[in-house]
Amino acid sequence: MNSTLFKQQRKNDSAFVCAGHYSLLGSSRVCRKKVGKEKFHKPQHWGFCNNVRMLMNEDKPGIGGELCLRQKRKPKYSAFLKEMGIDAPPWVAFDKQVLSFDAYLEDEVPEKSQENYRIRRYKIYFYLEDDTIQVNEPGVRNSGLPQGTFIRRHHIPLPPPDEDQFYTVYHFNINIDIVFYGWKFKIYDCDTFTKIVLKNMGVKLNAPGQCPEDPYLKMRREKLDFVKPLRPYESFDTLKQFLNYDRKVLRFFCLWDDSTSLFGDRRELILHYFLSDDTIEIKEVLPHNSGWNAMPFFLQRGKLPKYGPPGVYQPGEITDRIVLNVYGGLVENRVDGYLLDKYKLGKVHQEFYKDSDLSIGTTINVWGRKVLLCDCDEFTKSYYKTEYGIGKILASCLLFLVGQTQVTWIYWANVLFGLESTLASQRLYSLTKECLKHLGCCRYVPSSLSISPSSQMIKNFTSIDCKPPPPPKIERKFPPYTGFGSEEDSLRSCIGLVPTPHRKNFRKWMEKDSYGYISNTLRFFAKLITHDCADVDRLFVISYFLSDDTLSVFEPIERNSGLTGGMFLKRIRVKRPGQEVFKSELSEYIKAEELYVGARVNVNGYLFLLLNADEYTLNYMEKHSDKFPMSSIEPALQKLKKQESKAKELRNVFIAADDEQRKMVDYNTFRDILMTLTVGELTDHEVITIARHYRVPEDAYEDVNVLLALAHERFKRNTFENFERLIANCVYQDRENKKVLPTKDIRRLCKSSRLPLTHDLLVSLLSKFEDSEGQINYESFFCALNWRINPVPELEPRSYLKERCEDEWLGMPSPIPVKYINYVKLLKEVFGLEEE
């Protein structure tokens, strides 16, 4: 019911207002104003406060947001923002931008005889984002006044008769009076940011003024300064130095040469200078087995006097303050009977080392010990460059000298840099030292600073070698080898009282030991060089093990030869021939670099000629051609290029040897031609290197029938006949019934079915049946492998090309390095001869 009455009352009020408008203004004018108007809402002026109806806000507009009679619209945004033409809201454009003004006011003190008025300082903050103002009073210690926020942040109105307006940024300047709620503030200065903002607005700033000194505070300060010397207290402020230089330590590497005294020695020291309190500590660097007792500190941390030891003083004689006892027993408080001595009579003055006294090459006195500063760390160097830099000193000197002598700075610059001579050099020294003291360009003035036109005003950082000269090396002589045990074991018994076993190169053994398919063993085919008819045809296999540089000789067993064969020399290190047996030095052994095809190797008196090497050995030597120069192709070709005059003759010989015109010759023919041409300049190993470089690529399985014959032989040996099941698996995987599958799927199926084929043979077979799209017809592939349905003639034994010396390689015919060599490519690259 109440809500219904309230709504009815609002309708009546609206009707009354409309009727009043009609009666006052006329119906025609009102109708014209309402044409096109869309807002007719009535603002809420009345509300409840503590359950009492009352007028809440008089600043709200009338119906539809129109201003009422005699009502002025207050600005919502900063006037400065409109002039700048910024579209962004003020709280975004002027976020965290505050103008700061320094002001004061004179506060009358009527009820106090010591002062009639008091000067109170204030900070006026103007917030550009909403034109609000805040006034704060900085705190003063022991003032007894409530300080802090004087006027909270809000819009401050102008003094009457403009109280309906508020202060804006244009009302502020320097050296003006401004009134806030009757308080008259005098603005005498502002910060740099405020000046920049006001200048950008076009405000002409007045000259900054001075804040008068408070008379009462001045009187209190003079009183305290007067009574301060009479009290037995004097402050020594070291907090600033501690805060600026805490954890900053200068480090010097020093040397104390005490070798002149009995049992003395050269002692290496490390000096630490703590910049926070000007103290020094020294630590000693002891080498291993020096014989000196290890102490934590050579010198404990403390101030180091320059002229030490200074002597023995009585307790209390070394003090920072001189206190006079004027106590006569007439007062009860004994503290009032003491005062400080202004003249400090009888005080002992001591000079301590400062950072300005330390530099490389300087000798300091450490309680009677002469310590030489030899070097410093990088932080120390950067510190001295910053504190005692030549640019900082010269700039300060120029400013001071120009002010003292009234002479142009160009003149003094020439004098300082030694560009011209002058008679005022002596005066320059004293003026420059005085300049350093007055301007405070460094923490201390070096006592040893000598400034002259030709001297350098910067620290010297050239280090001094503090290491003693190395003692003369005494050659250690060992007794000769006795013949018992190995030479290394006998030598170990001469090195220590308790013999220890010889340490082998474990790292080399781990890196070069055989693992997997990598044997790290070089194998050569050799024969004996002898005049004995029974041993001329004996052939051997020499194996060199890279893991421990050992060598073994094996003789292949040949039936009906009359020789036993087998192990000719067990695995052992072989000494080089021509060495003395019983000597002090260790013997030299045969190295891997001495072995190559064509070399003569003396193995315990047996002379062997190396005829050939296996594929692994040749590949290893070519891969490490820096250690095996015979396997390097460049030196071999350089020797061949020396026969350039015989190039055409060489080509004719190759063409004559190539009967079938295939542009290649076999290895034996190639070797005979090069050996005849070079007349012994090329070794057999270099010929092999050239032949392997220009060889014709071989296909291990040249024909499909050969591959199938090899596969059938393995299938027969393992009785493998599950080809129907393989085809059934392929049909199951062939969902689209295309009769083909990718090569990788066929290979995976063969691997999973455990076909008794090697990886290389399987890959070769798959490549023969693969089409251009990488797919295989699985029916034709497995039907070709089925040795029951599609038999292939058996493979005939392969005939090997043999070298001049018919030999055997562990029971198998000895293969040659390569089959055929492309001589056309050789002639073109070496001699530049084109094919005819």
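Each chain carries its own residue numbering, running from 1 in the written order of its sequence. Where local features are concerned, this predicted model is filtered to residues with pLDDT of at least 70; where side-chain atom pairs are given and counted, the filter is 80 or more; whole-chain, interface and lining totals use all residues. Hydrogens and waters are ignored; side-chain quantities use all the structure's heavy atoms.

Check the secondary structure of the protein chain and you find 24 helices and 28 strands. Relative accessibility decides the category of a residue: with a 1.4 Å probe and only protein chains considered, values under 20% of the type maximum give buried, values over 50% give exposed, and everything between is partly exposed. Across the 836 residues that make up the protein chain, the buried fraction comes to 34%. Should any heavy atoms of two residues lie within 4.5 Å, those residues are considered in contact. The long-range share in the protein chain, meaning contacts at least 24 apart out of those at least 6 apart in sequence, stands at 58%. Working definition of accessibility: Shrake-Rupley area with a 1.4 Å probe, residue cover restricted to the visible protein chains. If you sum the accessible surface of the protein chain, you get close to 55200 Å²; carbon and sulfur atoms cover 53% of it. Helix and strand labels come from DSSP, where a helix needs a run of H or I of at least four residues and a strand needs a run of E of at least two; each type is numbered from the N terminus.

Here, strands pair whenever DSSP counts at least two bridges between them. The antiparallel open sheet is built from six strands, whose spatial order is β12-β11-β10-β9-β16-β15. With partners counted over all chains shown, the strands left at the sheet margins are β12 (299-302) and β15 (363-366), one partner each. Adjacent strand axes in the sheet meet at a mean angle of 35°, parallel and antiparallel pairs treated alike. Direction of pairing for strand β9 (residues 249-257) relative to strand β10 (residues 266-274): antiparallel, over a ladder of nine bridges. The partner of Leu-255 across the bridge, within β10, is Glu-268. Lying on the sheet, helix α8 (residues 378-387) is in contact with β9 and β16 (369-376); it crosses β9 at an angle near 110°. Between N-to-C directions, angles span 0 to 180 degrees; the directions come from axes that are lines fitted to C-alpha atoms, helices contributing only their stretch in contact.

Another point: the confidence of the model for the protein chain. Summary of the metric used: pLDDT quantifies the predictor's per-residue confidence within the range 0 to 100. Taken as a whole, the protein chain shows an average pLDDT of 79; of its residues, 78% reach a score of 70 or greater. Least confident of the elements in the protein chain is strand β26 (residues 808-809), whose mean pLDDT is 41; most confident is strand β11 (residues 279-285), at 95. Below pLDDT 50 for its whole length, residues 417-427 participates in 12 contacts with residues either more than four positions away or in separate chains. For residues 436-458, every residue scores under 50 in pLDDT, and the model assigns this stretch 53 contacts once sequence neighbours within four places are set aside.

A helix is expected to span 1.5 Å for every residue after the first. Between its first and last C-alpha, helix α17 (residues 667-678) extends 16 Å over 12 residues, near the 16 Å set by a 1.5 Å rise per residue. Within α17, the full set of buried residues consists of Tyr-667, Asn-668, Phe-670, Ile-673, Leu-674, Leu-677 and Thr-678. On its buried side, α17 packs onto α15 (633-641), α16 (647-657), β23 (665-666), α18 (684-693), β28 (820-821) and α24 (823-830). Here a polar contact is recorded for every N or O atom pair within 3.5 Å, except that within protein the pair must consist of a potential hydrogen donor and a potential acceptor, and residues adjacent in sequence are included only if both atoms are side-chain atoms. The N-terminus of α17 is capped by Asp-666, whose side-chain oxygen sits 3.3 Å from the backbone nitrogen of Asn-668.

A few words on the side chain of Thr-743. Here Thr-743 is to be found in helix α21 (residues 743-752). Since its relative accessible area comes to 9%, Thr-743 is described here as buried. Within the structure, the side chain of Thr-743 is placed 2.9 Å from the backbone oxygen of Gly-774, a separation counted as a polar contact. Residues in contact with Thr-743, not counting those within four places in the same chain, are Leu-766, Glu-770, Gly-774, Gln-775 and Ile-776.

Opposite charge on two side chains makes pairing possible when the charged atoms of those side chains draw close. Here a salt bridge means any side-chain nitrogen of Lys or Arg lying within 4 Å of a carboxyl oxygen belonging to Asp or Glu. In the structure shown here, the tally under the stated rule is 37 salt bridges. A salt bridge links Arg-266 to Asp-257, with the shortest nitrogen-to-oxygen separation between them at 3.7 Å. Residue class for Asp-257 comes out partly exposed when judged on its relative accessible area of 40%. Among the salt bridges present, the one from Arg-267 reaches Glu-284, with a minimum N-O distance of 2.4 Å. Note that Arg-267 is positioned in strand β10 and Glu-284 in strand β11, a separation of 17 residues in sequence.

This brings us to a nonpolar patch on the surface. A cluster of nonpolar side chains, contributed by Leu-239, Phe-242 and Leu-243, occupies part of the molecular surface with about 310 Å² of accessible area. One can find Leu-239 in helix α7 (residues 239-245). A residue counts toward a patch only above 30% relative accessible area and without a salt bridge, and it is joined to like-charged neighbours within 9 Å or, for Val, Leu, Ile, Met, Phe, Trp and Tyr, to nonpolar neighbours within 5 Å.

Moving on: the packing of aromatic side chains. Two rings from Phe, Tyr or Trp (for Trp, the six-membered ring) form a pair when their centres are within 6.5 Å of each other. A pair whose planes differ by under 30 degrees is stacked, one over 60 is edge-to-face, and the rest are tilted. Applying the stated criterion across every chain yields a total of 28 aromatic pairs. Considering the side-chain rings of Phe-150 and Phe-185, the 6.0 Å spacing of their centres and the 80° angle between planes classify their relative orientation as edge-to-face. Taken together, the positions of Phe-150 in strand β6 (residues 148-154) and Phe-185 in strand β8 (residues 183-190) put the pair 35 residues apart, joining distant regions of the chain. You can call Phe-185 buried: its relative accessible area is 0%. In textbook terms, an aromatic cluster arises when at least three aromatic residues are bridged by ring pairs, as seen for Phe-101, Tyr-122, Phe-126, Phe-150, Tyr-167, Phe-172, Phe-180, Trp-183 and Phe-185. One Lys or Arg, Lys-303, reaches over the ring of Phe-352 and ends 5.8 Å from the middle of that ring. The lysine or arginine in question, Arg-735, covers the ring of Tyr-732, its NZ or CZ lying 4.9 Å from the ring centre. Put simply, a charge is over a ring when the Lys NZ or the Arg CZ is close to the ring centre, within 6 Å, and near the line of the ring normal, within 35 degrees.

With that settled, the discussion passes to the nonpolar core. By nonpolar core we mean a set of buried residues, namely Ala, Val, Leu, Ile, Met, Phe, Trp, Tyr and Cys, connected to one another through side-chain atoms within 4.5 Å. Residues Leu-640, Phe-670 and Ile-690 are the most contacted members of the largest nonpolar core, which totals 54 residues. For this core, the leading source of residues is α17, giving five residues. Judged by nonpolar contacts, the second largest core, of 28 residues, contains Ala-711, Phe-720, Cys-750 and Leu-765.

Spatial strand order, β6-β5-β4-β3-β8-β7: six strands in an open sheet with antiparallel pairing. A strand with exactly one partner marks an edge of an open sheet, and here the two such strands are β6 and β7 (176-180). The average angle at which neighbouring strand axes cross in this sheet is 30°, direction not considered. Both strand β5 (residues 132-137) and β6 contribute to a ladder of four bridges, which runs antiparallel. Note that in β6 the partner of Val-135 across the bridge is Ile-151. Sitting on the sheet, helix α5 (residues 192-200) touches β3 (98-108) and β8, and the angle it makes with β3 is about 110°.

Topologically, His-171 is positioned in the loop between β6 and β7. Here the alpha-carbon distance between His-171 and Val-203, two residues 32 residues apart in the chain, equals 10.0 Å. Once residues within four sequence positions are removed from consideration, His-171 is found in contact with Leu-158, Phe-166, Ile-176 and Ile-178. At a separation of 3.0 Å, a polar atom in the side chain of His-171 contacts the main-chain amide nitrogen of Thr-168.

Our next topic: unusual backbone geometry. Between Pro-160 and the following residue, Pro-161, the backbone shows a cis peptide bond with an omega angle of 10°. Within the fold, Pro-161 resides in the loop between β6 and β7. Its identity is not glycine, yet Trp-367 carries a phi of approximately 55°, on the positive side. Assignment of secondary structure puts Trp-367 in the loop between β15 and β16. Positive phi outside glycine occurs at Arg-754, with the angle close to 60°. With respect to the secondary-structure elements, Arg-754 resides in the loop between α21 and α22 (759-769). Judged by relative accessible area, which is 72%, Arg-754 ranks as exposed.

Those residues of α8 that sit buried are Thr-380, Lys-381, Tyr-383, Tyr-384 and Glu-387. For α8, the angular spread of the buried residues around the axis is 160°, confining them to a single face. Residues of α8 that are exposed and point more than 90 degrees away from the buried face comprise Glu-378 and Thr-386. Each element contacted by the buried residues of α8 is listed here: α7, β9 and β16. The arc in question is formed by the directions pointing from the helix axis toward the C-beta atoms.

Of all eight residues making up strand β17 (residues 521-528), six are buried, and the element is well covered by its neighbours. Pairing of β17 with strand β18 (residues 539-545), which is carried by seven bridges, proceeds in the antiparallel orientation. Across the sheet, Phe-524 pairs through a bridge with Ile-542, a residue of β18. The pairing of β17 with strand β22 (residues 606-613) spans five bridges and is classified as antiparallel. Bridge pairing in β22 links Phe-525 to Asn-612.

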